[in-house]
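Remarks on the overall topology
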Amino acid sequence: MKKVEAIIRPKDFDRVKSALKQMGIVPLTAYPVQGRGVQGGVPPYDLLPKIKIEVVVKDEDLEKVVKTIADVARTGTPGDGKIFVIPVEDAIRIRTGEKGNEALY
Ligand SMILES: Nc1ncnc2c1ncn2[C@@H]1O[C@H](COP(=O)(O)OP(=O)(O)OP(=O)(O)O)[C@@H](O)[C@H]1O
Ligand SMILES: [Mg+2]
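All of the points below concern the structure found in this document. It should be emphasised that the depicted structure is a prediction, and the values quoted were computed from it without experimental measurement. (Residues numbered from 1 in each chain as written. Chains lettered and ligands numbered in written order. Predicted model: local features only at pLDDT ≥ 70, side-chain atom pairs only at ≥ 80, totals over all residues. Heavy atoms only, no water.)

**Looking at the site of ligand 1**
Near ligand 1 you find 13 residues, and of these V38, Q39, G79, G81 and K82 are the closest. A distance of 2.7 Å separates an oxygen atom of ligand 1 from a polar atom in the backbone of G79. In this structure, an oxygen atom belonging to ligand 1 sits 2.6 Å away from a side-chain N or O atom of K82. Starting from 600 Å² of accessible surface for ligand 1 in isolation, the protein chains cover 68%. Per-element accounting of the shell around ligand 1 gives the leading share, 3 residues, to strand β4 (residues 81-87). Counted by class, the shell around ligand 1 contains 4 nonpolar, 5 polar and 4 charged residues. (Near = heavy atom within 4 Å. Polar contact = N/O pair within 3.5 Å; in protein donor to acceptor, adjacent residues only side chain to side chain. Areas by Shrake-Rupley, 256 points an atom, 1.4 Å probe, with all protein chains shown as cover. Helix = DSSP H or I, 4+ residues; strand = E, 2+ residues; numbered from the N terminus. Nonpolar A, V, L, I, M, F, W, Y, C, P; charged D, E, K, R; others polar.)

Here it is, written out as structure tokens:
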């Protein structure tokens, strides 16, 4: 399992959500954040508003999830966002006790 953390432009959030849902990946966590990349914001703003999406996926789905998010969020200009991939040791669905891939989606 991998956790995909994607920090994207707020305007792209609805389309990323829809694209993930279309590939059968409905569960996710998202929250508004402020951040900066290598350019260090846009004067006079030190930090810019972004949306951070966290979705834990099966290893077999990782590549297509990353590609889908990147394809939807890419404009080709600075600030399009960044995706981090983090190994996940386990997942537990509290209601049923299912673990690992079975607990994801
Ligand atoms: N190394 C990092 N660590 C933590 N967060 C980061 C990092 N790089 C980018 N981010 C987050 O991602 C957001 C978008 O980053 P951004 O797309 O500007 O990256 P970049 O490396 O500057 O690429 P670009 O040159 O295309 O702008 C930032 O506002 C910040 O929240
Ligand atoms: Mg940047």
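**Remarks on the sheet that holds strand β3 (residues 48-57)**
The strand order β2-β3-β1-β4 describes an open sheet built from 4 strands, whose pairing is antiparallel. A single partner strand is all that each edge strand has here, and the edge strands are β2 (29-35) and β4. When strand polarity is set aside, the average angle formed by the axes of neighbouring strands in this sheet is 20°. Here 7 bridges tie strand β1 (residues 2-8) to β4, and the two strands are oriented antiparallel to one another. Note on β4: the bridge partner recorded for I8 is G81. Contacting β1, β3 and β4, helix α2 (residues 62-73) crosses the sheet at an angle of about 5° to β1. (Pairing = 2+ DSSP bridges. Axes fitted to C-alpha atoms, helices over the stretch in contact; angles between N-to-C directions. Contact = heavy atoms within 4.5 Å.)

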